[in-house]
Amino acid sequence: MDEHRGSGGPADPAPDERHDGEPEVVATLDGDRSSITVTGELTEAARRPLVRAVTDQMLSVPTLSRVELYLGGVSYMNSAGMAVLVQLQRMTSPRAVTVALVDPPTAVARPLQLTGLWRRFEVVEQGAGPADAGGAPTSGAQSRRPDGPDGRSA
């Protein structure tokens, strides 16, 4: 497994030296899958480290098939953060790489639902129990339907 840490600054400061609101991005590779954990705020400050991490992963693994964004540690997301998520999806789509949002908190899920962007992403819950045969993502996480039974966002 390969791991890369970044916070978006010219030199990656130690975690205790990061400024409030500056995200921490940790990327790991496992075969043809990338796992990227984001902690902090998902704003314009997250663009550079996230784009760099996904670009590095795509260059390192030409057969990359999936990028899982672990967002459970995100405390806030604004429109610039939503734009970053869309940018990542657009970057990966020409190579048919799936971008999955794992455990998005309300701070991420609600703005995506309100704008209709929620339906663009695969959303999975980590540790939702044993994976169903056939329908669940291969990471072992459970898919979560982003809308209610009548098709409207929750």
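Cut-offs and rules
- Residues numbered from 1 in each chain as written.
- Predicted model: local features only at pLDDT ≥ 70, side-chain atom pairs only at ≥ 80, totals over all residues.
- Heavy atoms only, no water.
- Helix = DSSP H or I, 4+ residues; strand = E, 2+ residues; numbered from the N terminus.
- Buried < 20%, exposed > 50% of the residue type's maximum accessible area, 1.4 Å probe, protein only.
- Contact = heavy atoms within 4.5 Å.
- Areas by Shrake-Rupley, 256 points an atom, 1.4 Å probe, with all protein chains shown as cover.
- Pairing = 2+ DSSP bridges.
- Right-handed = clockwise from strand over helix to strand, strands pointing away.
- Expected span 1.5 Å × (residues − 1).
- Polar contact = N/O pair within 3.5 Å; in protein donor to acceptor, adjacent residues only side chain to side chain.
- Salt bridge = Lys/Arg side-chain N within 4 Å of Asp/Glu carboxyl O.
- Core = buried A, V, L, I, M, F, W, Y, C linked by side-chain atoms within 4.5 Å.

A. View of the overall build of the protein. On a plain count of helices and strands, the protein comes out with three helices and seven strands. For the protein, the α and β elements follow one another from N to C terminus as β-β-β-α-β-α-β-α-β-β. Looking at the protein as a whole, 44% of its 154 residues are labelled buried. The contacts in the protein between residues at least 6 apart in sequence include a share of 61% that link residues at least 24 apart. Split by element, the accessible area of the protein, about 7900 Å² in all, is 51% carbon and sulfur.

B. Quick look at the environment of Pro62. Position of Pro62 among the secondary structure elements: in the loop between α1 (47-60) and β4 (66-77). The exposed category is assigned to Pro62, whose relative accessible area is 63%.

C. Here's a closer look at the pairing of β4. The sheet contact formed by strand β3 (residues 33-42) and β4 spans nine bridges and is parallel. Across the sheet, Ile36 pairs through a bridge with Leu69, a residue of β4. Where the polypeptide runs from β3 across α1 and back to β4, its parallel neighbour, the crossover connection is right-handed. Where β4 meets strand β5 (residues 98-102), five bridges bridge the pair, whose relative direction is parallel. Bridge assignment links Leu69 to a residue of β5, and that residue is Leu101. Each parallel crossover has a hand, and for β4 linked through helix α2 (residues 79-92) to β5 it is right-handed.

D. α2, seen in detail. For α2, built from 14 residues, the straight-helix expectation of 20 Å at 1.5 Å per residue is met to within 8% by its first-to-last C-alpha distance of 20 Å. Tucked inside the fold, the buried residues of α2 contact β3, α1, β4, β5 and α3 (106-115). Put simply, Asn78 is the residue that caps the front of α2, since its side-chain oxygen is 3.0 Å from the backbone nitrogen of Ala80.

E. Summary view of the pattern of salt bridges. Across all of its chains, the model carries four salt bridges by this definition. One salt bridge connects Arg33 with Glu68, and the closest N-O pair in it is separated by 4.0 Å. Of the two residues, Arg33 is situated in strand β3 and Glu68 in strand β4; the sequence distance between them amounts to 35 residues. The exposure class of Glu68 is buried, given its relative accessible area of 4%. When the shortest N-O distance is used, the salt bridge between Arg66 and Glu68 registers 2.8 Å. Judged by its relative accessible area of 7%, Arg66 is buried.

F. How the structure looks around the nonpolar core. Counting 34 residues, the largest nonpolar core has Ile36, Leu50, Leu69, Leu85 and Leu112 as the members making the most contacts within it. Mapped by element, the contributors of at least two residues to this core are β2 (24-30), β3, α1, β4, α2, β5 and α3. The contacts of Leu112, once residues within four sequence positions are left out, are Met77, Met82, Leu85, Leu101, Leu117 and Trp118.

G. Looking closely at the environment of Val97. Tracing the backbone through its elements, the reader meets Val97 in the loop between α2 and β5. Residues Val97 and Leu64, spaced 33 residues apart in sequence, show a C-alpha to C-alpha distance of 6.5 Å. If sequence neighbours within four positions are ignored, Val97 has contacts with Leu64, Ser65, Arg66, Val67 and Thr92.

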